[in-house]
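Report on the structure
Take a look at the letters that make up each chain.
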Amino acid sequence: MSERRIGVFICHCGGNISDYVDVAQVRDAIKDEPDVVVAQTTIFACADATQQDMVQAIQDEQLDGLVVASCSPKLHTFTFRGVAKRAGMNPYLYTQVNIREQDSWAHTDDPVGATEKAIRLVKAGIAKTRLSSPLEPIEVETTPKTMVIGGGITGLRAAIGLADIGLGVYLIEREPELGGWVAQFGAMYPHERKGRELIQELVAEVRRRPSIVVFTKAELMAKSGSFGNYLTEVRVNSGVPDLIHLEVGSIVVATGFDAYQPEVGEYGYGIDGVLTLPEFKALIDSSEGSLTYHGRKVGTVAYIYCVGSRQPEGNAYCSRYCCAATVHASLKVAEIDPKLHQYHLYRDIRTYGKYELMYTESRERGSVYMKFPEDTPPAVARGASGQLTVTTHDTLTGGEELTIPADLVVLVTGMVPRRNDTLMSVLKLPIGSDGFFNEIHPKLRPVETVVDGVLIAGTCQGPKNSSESVASGLAAVTQSGAILKKGVAELDPLVATVNTTACTWCGKCEETCPYAAVEKTSADGREVAAINATVCKGCGGCTPVCPEGAIDLRGYTDAQIQAMIENLAEVPVV
Amino acid sequence: MTKTLTTAEASRRASPRVLVFSTNTISDPGIDLAGSRHLHYSPGVVVISLPCASGIKPSWILHALQHGFDGVFVAADGDECAYLSDCSVRSAGIVQQAQALMAEHGIAANRVKMAAICSVCAEPFTRQVIEFSEALAEAVV
């Protein structure tokens, strides 16, 4: 093995690391490791001045490997790859070692143990770097167009945003009309503007932009190609179904949600007068002067919260928007008829942020809130006299049983994932345990998916209110712009690679890859596997299935991981 | 000269060494969070993070156990995997293959353990590695 010239920088992070890890001892323990030519401690590795020192060290010492032992790689991998790049070193010869979140902070009770561990971690990082190879990002030219799937409030706003940054847009809507759920809504919180009016404005804005092409009654049926250059097949069902082909660089999925539909008998659903929240909102929106149901004036409404949400069996998640939507509905009811009695039976109320003020106002205007125990939910019945009743236990008055006569019972139902098997099959988007589409990371990459260039926004990724949905739609616009406006996209080269000498083409790697990144090819007259680097996601799922050990994942090669294991297993003397 | 060990030192010396395989976007952030919240576990626990638990080679688990680790803990993606919808099944299969390899070398199957650790699973991770370390320590005794 040829000799390497590796620089190692060990960070104090102020005192976040060095209060518990003896960083000088770590430096002394690794400075004589083979190939290490620079070993330094630094107060803040990420500081501009330190980065400049690193650039200087890389250039002066002609380093071909860089290790920074500091915080989590999630925070500064790109920072130090940038340092390497500025110094003229290939950025993939850099390794970040986490001695803060996974060492000093986890072992504040054991400084000696934390120091020992830091030495093992840094040695493993050096071992990995020693076996690193220069890699180049995979560059692809991109098509400056985006497909937006879903013409609800999120998709409409995203389409406008995309057009305004100079991208072409194909807006695909399955239904005959644009607008989605919000087009059905009356006054919405917090601005009291009607949903259908908001949608009319957005649709008018869409029509005003010639770079947006709208297809209604249309569905995505197939997608091929790769990041930056997808070829899609869309079926448009206007009279005779027609298949059209559209080239796009990115796709924004904004397919929305379905409302939870209770089973007959669930909290009395099926009894006349028991409505879901969407049914009740439609009743409010159509009411003028007084709230009536089947021609009878409504005097008492009882709301039961969390129906279909936060269930041990079924939907475990909180649907997030329904508390505020119900409190807002109760304010609309109070506007229609201030004397109407309203009882809110809840497990927990979460009108987060500024919507807390609506909750306060609702109470001031006469709504009564009662918390029921989780294990004793309210029971809905219609008695022999025809009176609808809700029986509940009021936790805050010692669990007293109360029976409330009601003209209407509203089941506060939440959002559930919208089933769309064709779309799921075509896009191969990962689904979470809750059934919604999964982003890569909820905080750091909230609208990106593992399928490069395919973004998710709005309620297809989980319950949101409309303003949160639009915000995520605009995040997808920004992300699309970041991908497509340069005209060229760089893909991370940490993808699978085949040792064609060892490969005997058994086809197992091709079978196991759901992204079709593995193809059969020939080398020296033999059938062997080849990886399409622009399609490979870099998961490494193909590496353990190869009986010949012929596949490696760049950045995580067999040799690198084995060397790391050996260095992590060594117990240093401290 | 006889040195009196502190409680932490005694605990560390008795504590088994555990290699954790985590995943870059799911379980590793959960492990980071455990540290950010100063939840304590043994410094004998060290982590190698990979893109996906389905990319762990069974031979790596054997390699670790043959090179001095007392146990290997796979902090898997569970159903949250952003790459592979069948990641749980795949990673369970990898652990089974590793156990078969371990059996060939006379290594007890319970020296490898897998559990799903999510990106905010700070307490579950800490609990899992403490319990696993304790179980390994008892097995050694």
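Residues numbered from 1 in each chain as written. Chains lettered and ligands numbered in written order. Predicted model: local features only at pLDDT ≥ 70, side-chain atom pairs only at ≥ 80, totals over all residues. Heavy atoms only, no water.

**Notes on the overall build of chain B**
For chain B, the count of helices and strands is 5 helices and 4 strands. Counting from the amino terminus, helix and strand elements in chain B follow one another as α-β-α-β-α-β-α-β-α. Of all 141 residues assigned to chain B, the portion counted as buried reaches 55%. Within chain B, contacts between residues at least 6 apart in sequence are counted, and of these 77% link residues at least 24 apart. Surface exposure of chain B reaches about 5800 Å², of which carbon and sulfur atoms provide 54%. (Helix = DSSP H or I, 4+ residues; strand = E, 2+ residues; numbered from the N terminus. Buried < 20%, exposed > 50% of the residue type's maximum accessible area, 1.4 Å probe, protein only. Contact = heavy atoms within 4.5 Å. Areas by Shrake-Rupley, 256 points an atom, 1.4 Å probe, with all protein chains shown as cover.)

**Description of the sheet that holds strand β21 (residues 388-394) of chain A**
Residues and elements named next belong to chain A. Strand order across the open sheet formed by 3 strands is β20-β21-β22, with antiparallel pairing between neighbours. Edge positions in the sheet fall to β20 (379-382) and β22 (400-406), since each has one partner strand and no second. The average angle at which neighbouring strand axes cross in this sheet is 25 degrees, direction not considered. Where β20 and β21 come together, 4 bridges link them in antiparallel fashion. The residue of β21 that forms the bridge with V380 is V390. (Pairing = 2+ DSSP bridges. Axes fitted to C-alpha atoms, helices over the stretch in contact; angles between N-to-C directions.)

**Examining the packing of helix α1 (residues 23-30) of chain A against helix α5 (residues 111-130) of chain A**
Residues and elements named next belong to chain A. In contact at an axis separation of 9 Å, α1 and α5 are set at 40 degrees when each is read in the N-to-C sense. The orientation of α1 with respect to α5, classified from their angle, is oblique. As α1 packs across α5, the resulting crossing turns out to be right-handed. Facing Q25, V26, A29 and I30 of α1, the residues of α5 in contact are T115, A118, I119, V122, K123 and I126. (Parallel < 35°, antiparallel > 145°, perpendicular 65-115°, else oblique. Left-handed = near helix turned anticlockwise from the far one by under 90°.)

**Points about the packing of helix α8 (residues 277-285) of chain A against helix α9 (residues 322-336) of chain A**
Residues and elements named next belong to chain A. Following both chains from N to C, one finds α8 and α9 inclined at 25 degrees, their axes separated by 11 Å at the closest point. On the basis of their axis angle, the class for α8 and α9 is roughly parallel. Here α8 runs over α9; the crossing is left-handed. Where α8 abuts α9, its residues L277, F280 and I284 lie against C322, A325, T326, A329, K332, V333 and I336. Of the residues that constitute the contact of α8 with α9, the class distribution is 8 nonpolar, 1 polar and 1 charged. (Nonpolar A, V, L, I, M, F, W, Y, C, P; charged D, E, K, R; others polar.)

**A look at the pattern of salt bridges**
Residues and elements named next belong to chain A. By the definition in use, this model includes 29 salt bridges over all chains. E219 is the partner of R235 in a salt bridge, and the nearest nitrogen-oxygen pair spans 3.6 Å. Linking R235 in strand β10 (residues 229-236) with E219 in strand β9 (residues 218-226), this pair joins segments that are 16 residues apart in sequence. Since its relative accessible area comes to 30%, R235 is described here as partly exposed. On the accessibility criterion, E219 (18% relative accessible area) is buried. Two residues, E335 and K332, come together in a salt bridge whose shortest N-O distance is 3.0 Å. With a gap of 3 residues between them, E335 and K332 both fall in helix α9, about one helical turn apart. Linked by salt bridges that have partners in common, D164, E205, R208 and R209 make up one network. (Salt bridge = Lys/Arg side-chain N within 4 Å of Asp/Glu carboxyl O.)

**Some remarks on the pairing of strand β4 (residues 94-98) of chain A**
Residue and element names in this part refer to chain A. In terms of burial, β4 is a largely internal element, 5 of the 5 residues being buried. Burial along β4 is two-sided: the face carrying Y94, Q96 and N98 and the face carrying T95 and V97 are both buried. Note that strand β3 (residues 65-70) and β4 share 5 bridges and pair parallel. Residue V67 lies in a different strand from β4, and its bridge partner there is T95.

**Here's the deal with unusual backbone geometry**
All names here are of chain A. Here the amide bond leading from Y189 into P190 is cis, since omega sits at 0 degrees, within 30 degrees of zero. Within the secondary structure, P190 is located in the loop between β7 (168-172) and α7 (195-207). At R310, a residue that is not glycine, the phi angle is positive and equals roughly 55 degrees. Its location among the elements puts R310 in the loop between β17 (300-307) and α9. Here R310 falls in the buried class, since its relative accessible area comes to 17%. Residues other than glycine seldom take positive phi values, yet W505 does so here, at roughly 45 degrees. Structurally, W505 can be placed in the loop between β27 (496-498) and α13 (508-512). By relative accessible area, W505 is classed as buried at 15%.

**Section: the side chain of T543 of chain A**
Mapping T543 of chain A onto the fold places it in the loop between β29 (526-531) and β30 (551-553). Within the structure, T543 of chain A has its side chain in polar contact with the backbone oxygen of G540 of chain A (distance 2.7 Å). Polar side-chain contacts of T543 of chain A include one of 3.5 Å to the backbone oxygen of G55 of chain B. Sequence-distant contacts of T543 of chain A, that is, excluding residues within four places in its chain, are made with I551, D552 and L553 of chain A together with G55 and K57 of chain B. (Polar contact = N/O pair within 3.5 Å; in protein donor to acceptor, adjacent residues only side chain to side chain.)

**Some points on the environment of G399 of chain A**
Residue and element names in this part refer to chain A. Looking at the element boundaries, G399 is found in the loop between β21 and β22. Along the sequence, G399 and K371 sit 28 residues apart, while their C-alpha atoms lie 9.2 Å from each other. Contact partners of G399, with chain neighbours within four places excluded, come to H393 and D394.

**Points about the environment of D524 of chain A**
Residue and element names in this part refer to chain A. Within the secondary structure layout, D524 lies in the loop between β28 (518-523) and β29. On the basis of relative accessibility, which here comes to 81%, the residue D524 falls in the exposed class. Along the primary structure D524 and R347 are separated by 177 residues, whereas in three dimensions their C-alpha atoms are 69 Å apart.

**Points about helix α14 (residues 558-569) of chain A**
For α14 of chain A, with 12 residues, the first-to-last C-alpha span of 17 Å sits near the 16 Å given by 1.5 Å per residue. All of the buried residues along α14 of chain A are Q560, I561, A563, M564, I565, N567, L568 and A569 of chain A. Buried-residue contacts for α14 of chain A involve α5 of chain A together with β1 (18-23), β2 (45-50) and α3 (58-66) of chain B. (Expected span 1.5 Å × (residues − 1).)

**What to know about the interface of chain B and chain A**
Listed by partner, the interface residues are 48 residues for chain B and 52 residues for chain A. Among the residues chain B hides against chain A, the three largest losses belong to K57, W60 and Y83 of chain B. Together they make up 14% of the total. The tally of links between chain B and chain A comes to 3 salt bridges. Among the ionic pairs, D558 of chain A bridges to K57 of chain B, the shortest N-O distance being 3.7 Å. Across the contact surface, chain B and chain A share 17 residue pairs in polar contact (both at pLDDT 80 or more). (Buried area = accessible area lost by both parts, 1.4 Å probe.)

**Regarding the domain arrangement of chain A**
According to the domain assignment, chain A consists of domain 1 (6-134 + 560-569), domain 2 (145-256 + 418-489), domain 3 (260-415) and domain 4 (492-554). Domain 1 of chain A and domain 2 of chain A are separated by 42 Å when their C-alpha centres are compared. (Domains from an automatic or database assignment.)

**Quick word on α1 of chain A**
All names here are of chain A. Buried within α1 are the following residues: V23, V26 and I30. All buried residues of α1 lie within an arc of 55 degrees about the axis, which places them on one face of the element. Next to the buried residues of α1 lie β1 (6-11), β2 (36-42) and α5. Its side-chain oxygen at 3.3 Å from the backbone nitrogen of A24, D22 defines the N-terminal cap of α1. (Arc of directions from axis to C-beta.)

**Brief notes about the sheet that holds β4 of chain A**
Residue and element names in this part refer to chain A. Strand order in the open sheet made by the 4 strands is β2-β1-β3-β4, with parallel pairing throughout. Each end of this open sheet is capped by a strand with a single partner; those strands are β2 and β4. Averaged over all pairs of adjacent strands, the angle between strand axes in this sheet comes to 15 degrees, irrespective of strand direction. Here helix α3 (residues 73-86) sits on the sheet in contact with β3 and β4, set at roughly 155 degrees to β4.

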